[in-house]
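# A closer look at the structure
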Amino acid sequence: MSALREDLGVVVARDPSVRSKKEAVLHPALTALWAHRIAHRLHNRGLRIPARLLARWARRVTAVEIHPGAVLGRRVFIDHGAGVVVGETAVIGDDVTMYHQVTLGAVGWWSDNERPEGDRRHPVVGSGVILGANATVLGPVTVGDRAVIGAQALVNKDVPGGARVLAPTAVIKEPGRRPELMEDVFTVIASAGSW
């Protein structure tokens, strides 16, 4: 129950569009997290079919797909939620923020079917990590504490704690001029997934 209360509080704390706990109850990511916490307990007790049914219902209602086997820490916040996918062996630490369309996935069946039973196929995300919009982290990699994975970034190697992984930014080409890389602060911040 304390984890559920923390989930509710973190929506109010991290989403400026939500002004009360009553309003936070309607946040789609909260429904996904609460359903996952129940499905995970069922999964760990060997009740895999009911766990998968609950996860499937949550996906249909929220557009957030979290496998019941995934381990989520405390105060995980999924902003917007649409298109988020978290694989079976993924582990997410405490105080992680994930924006929409984040994928914590496996490399693919052609590689994963060769792994020994019980091997990790999905990422481990440390505490305090920020995963920007449409960030993709694939395979049994580790993202260290307080790292920032920027919007549109593709990660398939370990990321040390405190590091920033940023995708290339847009290039503006005005008519009749050569393209120049955007070097302004808004581009760098946007790439960090803060919108």
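Check the entry above for the structure.
Conventions used here
- Residues numbered from 1 in each chain as written.
- Predicted model: local features only at pLDDT ≥ 70, side-chain atom pairs only at ≥ 80, totals over all residues.
- Heavy atoms only, no water.
- 1 Å grid on protein atoms, 1.4 Å probe; cavity = no way out; pocket = protein on both sides within 12 Å on 5 of 7 lines; lining within 4 Å.
- Points joined across faces, edges and corners; volume = space filled by probe spheres on them.
- Helix = DSSP H or I, 4+ residues; strand = E, 2+ residues; numbered from the N terminus.
- Pairing = 2+ DSSP bridges.
- Axes fitted to C-alpha atoms, helices over the stretch in contact; angles between N-to-C directions.
- Parallel < 35°, antiparallel > 145°, perpendicular 65-115°, else oblique.
- Left-handed = near helix turned anticlockwise from the far one by under 90°.
- Contact = heavy atoms within 4.5 Å.
- Buried < 20%, exposed > 50% of the residue type's maximum accessible area, 1.4 Å probe, protein only.
- Lys, Arg positive; Asp, Glu negative; His and termini not counted.
- Salt bridge = Lys/Arg side-chain N within 4 Å of Asp/Glu carboxyl O.
- Polar contact = N/O pair within 3.5 Å; in protein donor to acceptor, adjacent residues only side chain to side chain.
- Phe/Tyr/Trp six-rings, centres within 6.5 Å; stacked < 30°, edge-to-face > 60°.
- Expected span 1.5 Å × (residues − 1).

Here the focus is empty space enclosed by the protein. Within the structure shown, the criterion is met by one cavity of 30 Å³ or more. In this structure, the largest cavity occupies an estimated 40 Å³ of space. Forming the walls of the largest cavity are Ala32, Ala35, His36, Ala55, Ala58, Val64 and Ile66. At the level of elements, helix H3 (28–44), helix H4 (48–62) and strand S1 (64–66) are the ones that each hand at least two residues to the lining of the largest cavity. The greatest single-element share of the lining of the largest cavity, amounting to three residues, is contributed by H3.

Taken in spatial order, the five strands make up an open sheet running S3-S6-S9-S12-S14, and their pairing is parallel. Every interior strand has two partners, whereas the edge strands, strand S3 (77–78) and strand S14 (164–165), have only one. Examined bridge by bridge, strand S6 (residues 97–98) and strand S9 (residues 130–131) share two bridges and lie parallel to one another. Bridge pairing links Thr97 to Ile130 in S9.

Quick look at the packing of helix H1 (residues 2–14) against H3 now. Contact geometry of H1 with H3 gives a least axis separation of 10 Å together with a crossing angle of 165°. Considering their axes alone, H1 and H3 lie roughly antiparallel with respect to each other. The hand of the H1/H3 crossing is right-handed. Contact residues: Ala3, Leu4, Asp7, Leu8 and Val11 in H1; Leu30, Leu33, Trp34 and Arg37 in H3.

If you trace the backbone, Asp15 turns up in the loop between H1 and helix H2 (21–24). Although Asp15 is buried, it forms no salt bridge, and the closest oppositely charged side chain is Arg19 at an N-O distance of 7.6 Å. Here the side chain of Asp15 touches His27 through a polar contact of 3.1 Å, side chain to side chain. The residues contacting Asp15, other than those within four sequence positions of it, are Val10, His27, Phe77 and Asp79.

Its location among the elements puts Arg146 in the loop between strand S11 (142–143) and strand S12 (148–149). Among the residues examined, Arg146 registers a relative accessible area of 58% and is labelled exposed. C-alpha separation for the pair Arg146 and Pro16, spaced 130 residues apart in sequence, amounts to 21 Å. Discounting residues that sit within four places of it in the chain, Arg146 has contacts with Ser127, Gly128, Val129 and Gly162.

Counted under the stated rule, the structure contains one aromatic pair. Ring geometry for Trp109 and Trp110: centres 5.8 Å apart, planes at 80°, overall edge-to-face. Trp109 gets classed as exposed once you look at its relative accessible area, which sits at 61%.

Turning next to the side chain of His40. Position of His40 among the secondary structure elements: in helix H3. Take His40: its relative accessible area is 17%, and that puts it in the buried class. Once you skip the residues sitting within four places of it in the chain, His40 turns out to touch Pro68, Gly69, Ala70 and Val71.

For H4, built from 15 residues, the straight-helix expectation of 21 Å at 1.5 Å per residue is met to within 8% by its first-to-last C-alpha distance of 21 Å. Summarising the contacts, the buried residues of H4 are in contact with H3 and S1. Within two residues after H4, Ala63 carries a phi angle of roughly 65°, on the positive side.

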